[in-house]
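# Reading the structure
So you can see what is in the structure, the chains are spelled out below.
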Amino acid sequence: DVKVTQSSRYLVKRTGEKVFLECVQDMDHENMFWYRQDPGLGLRLIYFSYDVKMKEKGDIPEGYSVSREKKERFSLILESASTNQTSMYLCASSPIDRPNTEAFFGQGTRLTVV
Amino acid sequence: AQSVTQLGSHVSVSEGALVLLRCNYSSSVPPYLFWYVQYPNQGLQLLLKYTSAATLVKGINGFEAEFKKSETSFHLTKPSAHMSDAAEYFCAVSDDNQGGKLIFGQGTELSVKP
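Note that the structure is a prediction, hence the values are computed from the model and not measured. (Residues numbered from 1 in each chain as written. Chains lettered and ligands numbered in written order. Predicted model: local features only at pLDDT ≥ 70, side-chain atom pairs only at ≥ 80, totals over all residues. Heavy atoms only, no water.)

Here we come to the overall build of chain B. Of regular secondary structure, chain B possesses zero helices and eleven strands. Expected size for 114 residues packed as a compact globule is a radius of gyration near 13 Å; at 13 Å, chain B falls within 12% of this value. For chain B, the spread of C-alpha atoms along the principal axes amounts to about 40 × 30 × 20 Å. Taken across its 114 residues, chain B has 45% of its residues classed as buried. When the accessible area of chain B is evaluated, it comes to approximately 5,200 Å², of which 52% is carbon and sulfur surface. Distance between charge centres in chain B, computed from 8 positive and 9 negative side chains, equals 5 Å. (Helix = DSSP H or I, 4+ residues; strand = E, 2+ residues; numbered from the N terminus. Rg over C-alpha atoms; globule rule 2.2 N^0.38 Å. Buried < 20%, exposed > 50% of the residue type's maximum accessible area, 1.4 Å probe, protein only. Areas by Shrake-Rupley, 256 points an atom, 1.4 Å probe, with all protein chains shown as cover. Lys, Arg positive; Asp, Glu negative; His and termini not counted. Charge placed at Lys NZ, Arg CZ, Asp CG, Glu CD.)

Set out below in structure tokens:
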């Protein structure tokens with residue numbers, strides 16, 4: 001089974017802190033993604049990466065950055081956390097294959113910024 | 001730009017009743033469509049996907065979806081709801097040719113009454 005593991009299920013951070021959300025996948029997938037989930041808005045793409053050291057902005061990249069130094073690991077960074085970044089964050093991976101290839105998701109990290 | 005609309009943010013059915021969750025898409029090219037399910041405090045799990053091989057797609061847990069190009073729809077159905085089906089359901093469309101980069105609908109929360 002494909003496994004996508006997010007390092008924390010729940011996090012509480014203070015406004016202004018630098019926050020790291022870590023994601024590791026064990027299926028040698030080329031593609032990795034970070035989504036943010038908010039009620040009534042579904043999932044929105046923050047950043048994605050199709051290769052090591054490569055990154056592309058998604059639909060809502062403001063206030064975030066990412067790092068992909070190794071193929072299996074994709075980190076989301078909140079440079080200075082703000083209360084409007086309180087949300088559920090979901091990491092996903094997929095192989096470079098066909099357009100109908102699905103994404104495999106981690107369990108999610110529920111981040112609260114106080 | 002592609003988009004996905006799920007009609008109804010909350011749907012409530014009785015146990016044993018038909019489940020119908022609606023999804024409409026807009027796409028200028030043949031779409032690649034997915035339904036995911038999210039149980040409380042979990043990540044997303046693939047229910048089924050449209051691969052263009054057949055318009056009626058069967059998925060896990062007794063769910064199926066029918067692709068109707070003329071109606072630009074991909075509604076999810078299950079003949080008889082179980083209590084365990086209570087969850088949030090997301091319809092998504094593939095956003096590029098590499099796989100895994102998805103545009104999601106707003107989500108529909110399904111409640112099942114005993």
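Residue and element names in this part refer to chain A. Applying the stated criterion to the full structure yields two disulfides over all chains. Covalently, Cys-23 is tied to Cys-91 through a disulfide, its sulfur atoms 1.9 Å apart. Disulfide Cys-23-Cys-91: the torsion about the S-S bond is -80°, which places it as left-handed. Taken together, the residues span a long stretch of sequence, with Cys-23 in strand β3 (residues 19–25) and Cys-91 in strand β9 (residues 87–94) at a distance of 68 residues. (Disulfide = S-S within 2.5 Å.)

Residue and element names in this part refer to chain A. By the criterion of burial, strand β5 (residues 42–49) is predominantly enclosed, with seven of the eight residues buried. Two strands pair when backbone bridges link them, and strand β4 (residues 31–38) and β5 are joined in this way by seven bridges, in the antiparallel orientation. Note on β5: the bridge partner recorded for Trp-34 is Tyr-47. Hairpin connection between β4 and β5: a loop of three residues separates the two successive antiparallel strands, and Gly-40 in this loop has a positive phi of roughly 80°. Relative to strand β6 (residues 56–57), β5 is paired through two bridges, and the arrangement is antiparallel. Among the inter-strand pairings, Phe-48 is bridged to a residue of β6, identified as Glu-56. Hairpin geometry of β5 and β6 is characterised by an intervening segment of six residues between the two adjacent antiparallel strands and by a positive phi of about 65° at Lys-53. (Pairing = 2+ DSSP bridges.)

Our next topic: the interface of chain A and chain B. The interface is formed by 29 residues belonging to chain A together with 25 residues belonging to chain B. The contact between chain A and chain B buries some 2,100 Å² in all, and 50% of this surface belongs to carbon and sulfur atoms. Measuring nitrogen to oxygen at the nearest pair gives 2.7 Å for the salt bridge that ties Glu-102 of chain A to Lys-49 of chain B. Mapped onto the side of chain A that touches chain B, the elements with two or more residues apiece are β4, β5 and β9 of chain A. For the side of chain A that touches chain B, the residue count by class is 15 nonpolar, nine polar and five charged. (Contact = heavy atoms within 4.5 Å. Buried area = accessible area lost by both parts, 1.4 Å probe. Salt bridge = Lys/Arg side-chain N within 4 Å of Asp/Glu carboxyl O. Nonpolar A, V, L, I, M, F, W, Y, C, P; charged D, E, K, R; others polar.)

Another aspect to go through is the environment of Phe-74 of chain B. Residues and elements named next belong to chain B. With respect to the element layout, Phe-74 can be found in strand β8 (residues 73–78). Relative accessible area serves as the criterion here: at 0%, Phe-74 is assigned to the buried category. For the pair formed by Phe-74 and Leu-33, sequence separation is 41 residues and the distance between their alpha carbons is 7.6 Å. Excluding its chain neighbours within four sequence positions, the residues that come into contact with Phe-74 are Cys-23, Leu-33, Phe-34, Trp-35, Leu-48, Lys-49, Tyr-50, Val-57, Ala-65, Glu-66 and Phe-67.

With that settled, consider the side chain of Ser-75 of chain A. All names here are of chain A. Looking at where Ser-75 falls in the secondary structure, it is placed in strand β8 (residues 73–78). Since its relative accessible area comes to 8%, Ser-75 is described here as buried. Among the polar contacts listed, one links the side chain of Ser-75 to the side chain of Glu-22, at a separation of 2.5 Å. The residues touching Ser-75, leaving out its near neighbours within four places in the chain, are Leu-21, Glu-22, Trp-34, Ser-65, Val-66 and Ser-67. (Polar contact = N/O pair within 3.5 Å; in protein donor to acceptor, adjacent residues only side chain to side chain.)

Residues and elements named next belong to chain B. In spatial order, the strands read β1-β3-β8-β7-β6; together these five strands make up an open sheet with antiparallel pairing. Looking at the sheet topology across the chains shown, the edges are occupied by β1 (3–7) and β6 (56–58). In this sheet, neighbouring strand axes are inclined to one another by 20° on average, regardless of whether the strands run parallel or antiparallel. Judged from the five bridges that link them, strand β7 (residues 64–68) and β8 form a sheet pairing that is antiparallel. (Axes fitted to C-alpha atoms, helices over the stretch in contact; angles between N-to-C directions.)

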